[in-house]
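Coordinates in review
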Amino acid sequence: MNHDPLSGLARVRFVELGAKALRALAGGDLAGGSAEAGIALDEYFVCDRARWVFGYRADQLAEDPSVAPWITRAAVSRADGAVVGYAGFHGPPDETGTVELGYTVVPAYRRRGYARAMLTALLARAVAEPGVTTVRASISPDNDASLATIAGFGFTRVGEQWDERDGLEFVFEVPADVIPAERLEGSGGRG
């Protein structure tokens, strides 16, 4: 998909994972998911956690096809074409204008700046959308890497929640109009 609003950041581009790709991946079919996505996805895309995510997103898409522009995509390094993870929103803005984002980096590509690149692109997408007022991130308290990744983007811890799958999570939010513009430079966001 060439006109994907999440593809503005020079470091990564996003490739849509359509319903067939999501279903294939949820079923553990890496070759089928890769064929449907049009790129060679990483083995990490069929680990237990990823399979659950892709199954959930496939169900979400089946229930409401209008969520497609918001949900999980494969993140691809612009430098070498490697699939470095997946990222997206949990869905379109809710009735209050809040969107929740998520990102995962393939283990072999961690600690190379890809999480920050994905986060930057997601934030740029959020601030470019008139209906978005708040961006939320839910992070496990022991996920030091993700906690460090959101630092500097204006997020404030607003509470905690219990996720049936992930356990305790800290909930962070940032108003879309206070996301530091200098953090989004070159990402297609405001500035």
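One structure accompanies this document, and this report is about it. (Residues numbered from 1 in each chain as written. Predicted model: local features only at pLDDT ≥ 70, side-chain atom pairs only at ≥ 80, totals over all residues. Heavy atoms only, no water.)

Some details on the sheet that holds strand 3 (residues 83–89)
Strand order in the open sheet formed by seven strands is 1-2-3-4-5-7-6, with mixed pairing between adjacent strands. The open sheet has two edge strands, strand 1 (12–16) and strand 6 (156–163), and neither has a second partner. Ignoring which end each strand starts from, the neighbouring axes of this sheet average 30 degrees apart. With seven bridges joining them, strand 6 and strand 7 (residues 167–175) adopt antiparallel strand pairing. By the bridge assignment, Gly-159 is partnered in strand 7 with Val-171. (Pairing = 2+ DSSP bridges. Helix = DSSP H or I, 4+ residues; strand = E, 2+ residues; numbered from the N terminus. Axes fitted to C-alpha atoms, helices over the stretch in contact; angles between N-to-C directions.)

Things to note about the pattern of salt bridges
Tallied over the entire structure, the rule returns four salt bridges. Between Arg-23 and Asp-59 there is a salt bridge whose closest N-O contact spans 2.7 Å. With Arg-23 in helix 1 (residues 19–26) and Asp-59 in helix 3 (residues 48–63), the pair connects residues that are 36 residues apart, well separated along the chain. For Arg-23, a relative accessible area of 41% gives the class partly exposed. Of the charged contacts in the structure, one is a salt bridge between Glu-173 and Arg-136, with a shortest N-O distance of 2.4 Å. Taken together, the residues span a long stretch of sequence, with Glu-173 in strand 7 and Arg-136 in strand 5 (residues 134–139) at a distance of 37 residues. (Salt bridge = Lys/Arg side-chain N within 4 Å of Asp/Glu carboxyl O. Buried < 20%, exposed > 50% of the residue type's maximum accessible area, 1.4 Å probe, protein only.)

Remarks on the side chain of Glu-169
Here Glu-169 lies in strand 7. Buried and unpaired, Glu-169 has no salt bridge, with Arg-49 as the nearest side chain of opposite charge at 6.1 Å. Within polar-contact distance, the side chain of Glu-169 engages the side chain of Gln-161 at 2.6 Å. The contacts of Glu-169, once residues within four sequence positions are left out, are Ser-138, Ile-139, Ser-140, Pro-141, Gly-159, Glu-160, Gln-161 and Asp-163. (Lys, Arg positive; Asp, Glu negative; His and termini not counted. Polar contact = N/O pair within 3.5 Å; in protein donor to acceptor, adjacent residues only side chain to side chain. Contact = heavy atoms within 4.5 Å.)

Shape descriptors only; they carry no functional weight alone.
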